[in-house]
Amino acid sequence: MDKFDVAKRIKSLREAKKLTQNALANSAGVSPTYIYQLEKGEKSPTIEYLDHICWGLGISIEEFFSTKGNSEKRTSDKLSSLTAEQKELLNAFLNSL
């Protein structure tokens, strides 16, 4: 993961949590300018600062680098929003495969 991937990931996670750059900076204990520079790919965080940012996002460093958990959560969210009838139809479809 290069610094631009890290930048995109920080921004994506921040936006998913509906946090502003200022709010993330405050909860992570860093300056808003630093968050801005990270998200633009102008700086790369050290492990120590990435740990602070992850704490501010409410995730672990492992979760930061994991893409598997994100897609599983989205799938789980989608399944939980189905009606009972939709779940039955989906189950019947999957059993037909």
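As a starting point, this report considers the structure included with it. Given the structure is predicted, the values throughout are model-derived calculations rather than measurements.

Before going further, it helps to examine the overall build of the protein. When its secondary structure is counted, the protein shows 7 helices and 0 strands. Tracing the protein from N to C terminus, the helices and strands come up as α-α-α-α-α-α-α. Taking as baseline every contact in the protein between residues at least 6 positions apart, the subset at least 24 positions apart corresponds to 52%. When the accessible surface of the protein is summed, it comes to about 6,900 Å², and 53% of that surface belongs to carbon and sulfur atoms.

A few words now on the nonpolar core. Nonpolar side chains tend toward joint burial in soluble globular proteins. Counting residues in hydrophobic clusters, the biggest one holds 16 residues, and the most contacted among them are Ile10, Ile53 and Phe64. For this core, the secondary-structure elements that each account for two or more residues are helix H1 (3-16), helix H2 (21-28), helix H3 (32-39) and helix H4 (47-57). Phenylalanine 64 has contacts with Met1, Val6, Arg9, Ile10, Leu13, Leu50, Cys54 and Ile59, leaving out every residue within four places of it along the chain.

Scanning the entire structure with this criterion turns up 2 aromatic pairs. Considering the side-chain rings of phenylalanine 64 and phenylalanine 65, the 5.0 Å spacing of their centres and the 80° angle between planes classify their relative orientation as edge-to-face. Phenylalanine 65 sits in the partly exposed class, given a relative accessible area of 40%. Stacked on the ring of phenylalanine 64, the Lys or Arg arginine 9 has its end atom at 5.8 Å from the ring centre.

Further remarks concern the side chain of arginine 14. Within the secondary structure, arginine 14 is located in helix H1. Within the structure, arginine 14 has its side chain in polar contact with the backbone oxygen of leucine 19 (distance 2.8 Å). For arginine 14, the contacting residues outside a window of four places in its chain are Leu19, Thr20, Gln21, Leu24, Glu39 and Leu57.

Here we take up the environment of leucine 79. Of note, leucine 79 is situated in helix H6 (residues 68-80). Measuring from C-alpha to C-alpha, the distance between leucine 79 and leucine 90 comes to 9.7 Å, with 11 residues separating the pair along the chain. When residues no more than four places from it in sequence are discounted, the contact partners of leucine 79 are Lys87 and Leu90.

Further remarks concern the packing of H2 against H3. Two numbers describe how H2 lies on H3: the axes approach to 8 Å, and their chain directions differ by 115°. Classified by the angle their axes make, H2 and H3 are roughly perpendicular. Viewed along their axes, H2 and H3 form a crossing whose handedness is right-handed. Contacts between H2 and H3 involve Gln21, Asn22, Leu24 and Ala25 from the former and Pro32, Ile35, Tyr36 and Glu39 from the latter.

At a closest axis distance of 8 Å, the pairing of H2 and H4 adopts a crossing angle of 115°. With respect to H4, the element H2 is oriented roughly perpendicular. For H2 against H4, the interelement crossing comes out right-handed. When H2 is examined against H4, the residues Leu24, Ser27 and Ala28 are found in contact with a partner set consisting of His52, Ile53, Trp55, Gly56 and Leu57. Looking at side-chain class alone, the contact of H2 with H4 contains 5 nonpolar, 3 polar and no charged residues.

Conventions and cut-offs
Residues numbered from 1 in each chain as written. Predicted model: local features only at pLDDT ≥ 70, side-chain atom pairs only at ≥ 80, totals over all residues. Heavy atoms only, no water. Helix = DSSP H or I, 4+ residues; strand = E, 2+ residues; numbered from the N terminus. Contact = heavy atoms within 4.5 Å. Areas by Shrake-Rupley, 256 points an atom, 1.4 Å probe, with all protein chains shown as cover. Core = buried A, V, L, I, M, F, W, Y, C linked by side-chain atoms within 4.5 Å. Buried < 20%, exposed > 50% of the residue type's maximum accessible area, 1.4 Å probe, protein only. Phe/Tyr/Trp six-rings, centres within 6.5 Å; stacked < 30°, edge-to-face > 60°. Lys NZ or Arg CZ within 6 Å of the ring centre and 35° of its normal. Polar contact = N/O pair within 3.5 Å; in protein donor to acceptor, adjacent residues only side chain to side chain. Axes fitted to C-alpha atoms, helices over the stretch in contact; angles between N-to-C directions. Parallel < 35°, antiparallel > 145°, perpendicular 65-115°, else oblique. Left-handed = near helix turned anticlockwise from the far one by under 90°. Nonpolar A, V, L, I, M, F, W, Y, C, P; charged D, E, K, R; others polar.

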